[in-house]
Amino acid sequence: MPRAWFDELAELVRIPSVSADPARAEDVRAAADWLAEFVRRAGGEAEVVPTDTQPLILGDLKASNGASAPTVLVYGHVDVQPPEPLELWESDPFALEERDGWLYGRGVVDDKGQLYILLKAAAELAAAGELPVDVRVTCDAEEESGGHQIVDFLAADERGADAAVIFDSGMTTRGLPEFNVATRGIIYFHLTVRTGARDLHSGVYGGAALNALHTLNELLAAVLPRDGRLPEPLREGIAPPTEDEVAAWSGLVEGADMLSEAGARKAYSRADEDFYLRTTAEPALDVNGIAGGSPVLQKTVLPVEAEANLSIRLAPGQDVETIAAALERLLRDAAPDGADVELTQLASSPPGLVPPEAPAVQRALEAFEHTFGRRPLLVRSGGTLPIVPALVDKGIPTIITGFALPESNIHSPNERLLAEYVPLGIETAKELYRNLAKI
């Protein structure tokens, strides 16, 4: 039978708030309105603030005793990834469904369900007159489409907070929580190569005229990794992991299992052994798409234009502008005479490093140990959360954790959250608020 929280969470999941789809703009706004109303029903104040892109959700839920209390900033996002391909879903992506101990639905993990856990805990404490901290709600609706409105807001914000909590992550081993003490950054590019005025007959010009697809391949070869390691100019500024972080990797799921469970194949011979080094502590470059020529129909043409999208995940310590400039130099140096190269930077976010010795982080570790029975591992995240470096720049110690598992299918069909983690997460968040009241 559904638990007391099920219908409430189902309401939020039901809203198809896909921020990348302009046709879903009203749905994105509806999800923002839902969250603001949730805070108001809990006894707080909240507003939905329009921006040039998607709205922000800002609110406050005051400590129950009315006296001065530490301020905990809560961040999450109400937008979700597109659900396609729909035919691979075993149930309606926007209808929360429980099967075999799992909750299925788009956004149930990333990030509606996890944000709900944080705010539901605060609401229950407030209803009981036991909320020990001031909760600042600072959420957005464009995390999945690369927006920066929340980052810009925080840069201009003077209120600050004593700690921040983000439930938008997970654990690699069921029952063993993880705190992310670093996140990778990202730079996303669009690359266009032109090698002539028009496509040419390959029988007449092949072998003599530049082929844009050949040229594109040459350029990409100049920046792709060898044995998992990027060219040195793209490695500048890396802050290596500490001995404690490296030691924590032994407590995670083995790299070979992470790859096999994802249906992935090794990029190089030691990729399984180096898994956490390559995915959390080193930069990675991926070609996300290529277009040019005629890949389907038989067409003996020599294409003179080719395009590619590529992205770099920046390691902690790296600088966006430095690495972007290095990438452009490598690409242009690899271009043959006569090729026109156009590189456009579409989006970026710096990496973030959180000091694990901060009292807020230590109190949070104790809270999770209390409810889970195991002290969380301190590890790095391979993903990018633009808000993390923004909070770090403000001097706000940040707890980044969550309840996703490797089999949660984030960004894929049949996204799912272990059902037992909702009530456990709510109790953990309550303990977290209680502990943060002591900082």
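This write-up is about the structure you can find in this document. As the structure is a computational prediction, the values presented were derived from the model and not from experiment. (Residues numbered from 1 in each chain as written. Predicted model: local features only at pLDDT ≥ 70, side-chain atom pairs only at ≥ 80, totals over all residues. Heavy atoms only, no water.)

### Describing the layout of surface pockets
The space that makes up the second largest pocket amounts to roughly 150 Å³. Looking at the lining of the second largest pocket, the elements with two or more residues in it are α7 (243-248) and β16 (377-381). For the lining of the second largest pocket, the per-class residue count stands at seven nonpolar, one polar and three charged. (1 Å grid on protein atoms, 1.4 Å probe; cavity = no way out; pocket = protein on both sides within 12 Å on 5 of 7 lines; lining within 4 Å. Points joined across faces, edges and corners; volume = space filled by probe spheres on them. Helix = DSSP H or I, 4+ residues; strand = E, 2+ residues; numbered from the N terminus. Nonpolar A, V, L, I, M, F, W, Y, C, P; charged D, E, K, R; others polar.)

### A few points about the sheet that holds strand β5 (residues 102-104)
Reading across from one edge, β4-β5-β18 is the order of the three strands in this open sheet, with antiparallel pairing throughout. In this open sheet, the two strands that pair with only one neighbour each are β4 (97-99) and β18 (416-418). Put simply, the sheet's adjacent strands are angled 30° from each other on average, direction ignored. Where β5 lies against β18, three bridges are found, and the strand directions are antiparallel. Across the sheet, the residue bridging to Tyr104 is Arg416, located in β18. (Pairing = 2+ DSSP bridges. Axes fitted to C-alpha atoms, helices over the stretch in contact; angles between N-to-C directions.)

### Points about helix α2 (residues 25-41)
The end-to-end C-alpha distance of α2 is 24 Å, a good match for the 24 Å that 17 residues give at a rise of 1.5 Å each. Here the buried face of α2 lies against α1 (6-13), β1 (45-49), β2 (56-61), α3 (112-127) and β6 (134-140). Gly43 occupies a position one or two residues after α2 and carries a positive phi of about 100°. (Expected span 1.5 Å × (residues − 1). Contact = heavy atoms within 4.5 Å.)

### Points about the pairing of strand β13 (residues 305-314)
Sheet topology note: the strand β9 (residues 185-194)/β13 ladder contains ten bridges and is antiparallel. Across the sheet, Phe189 pairs through a bridge with Leu310, a residue of β13. In this sheet, β13 lies alongside strand β11 (residues 284-292) in antiparallel orientation, the contact comprising eight bridges. Looking across to β13, one finds that Gly289 is bridged to Asn309.

### Focus: the pattern of salt bridges
Considering all chains together, one arrives at 27 salt bridges under this definition. Across the pair Asp274 and Arg270 runs a salt bridge, and its minimum N-O distance is 3.3 Å. Taking relative accessible area as the criterion, Asp274 reaches 11% and is therefore assigned buried. Relative accessible area serves as the criterion here: at 42%, Arg270 is assigned to the partly exposed category. (Salt bridge = Lys/Arg side-chain N within 4 Å of Asp/Glu carboxyl O. Buried < 20%, exposed > 50% of the residue type's maximum accessible area, 1.4 Å probe, protein only.)

### A few points about the environment of Arg41
With respect to the element layout, Arg41 can be found in helix α2. Using a relative accessible area of 47% as the deciding quantity, one classes Arg41 as partly exposed. Residues Arg41 and Ser294, 253 residues apart in the sequence, show an inter-C-alpha distance of 57 Å.

### Observations concerning the environment of Ser269
With respect to the element layout, Ser269 can be found in the loop between α8 (255-261) and α9 (275-281). Through-space distance from the C-alpha of Ser269 to that of Gly228 is 9.3 Å; in sequence the pair is 41 residues apart.

### Quick notes on the nonpolar core
Grouped together as the largest cluster of nonpolar side chains are 90 residues, with contacts concentrated most on Leu103, Val135, Phe167, Phe403 and Tyr433. Here this core takes ten residues from α3, the largest share from any one element. When sequence neighbours within four positions are dropped, the list of residues in contact with Phe403 reads Gln114, Ile117, Phe167, Ser169, Gly170, Met171, Phe368, Phe372, Leu417, Tyr421 and Gly425. Of all hydrophobic cores here, the second largest spans 27 residues; its members include Phe189, Ala212, Leu230 and Leu343. (Core = buried A, V, L, I, M, F, W, Y, C linked by side-chain atoms within 4.5 Å.)

### Some words on the sheet that holds β13
Spatially, the four strands line up as an open sheet ordered β11-β13-β9-β14, and their pairing is antiparallel. In this open sheet, the two edge strands, each paired with only one partner strand, are β11 and β14 (340-349). Neighbouring strand axes in the sheet, compared pairwise and without regard to direction, differ in orientation by 15° on average. Taken strand by strand, helix α10 (residues 320-334) contacts β9, β11, β13 and β14, and its axis lies near 160° from that of β14.

### Things to note about the side chain of Lys112
By the element assignment, Lys112 lies in helix α3. Among buried Asp, Glu, Lys and Arg side chains, Lys112 stands out as unpaired, with Asp79 the closest opposite charge at 8.7 Å. The residues touching Lys112, leaving out its near neighbours within four places in the chain, are Leu9, Leu12, Val13, Ile15, Ser17, His77, Val78, Val80 and Gly107. (Lys, Arg positive; Asp, Glu negative; His and termini not counted.)

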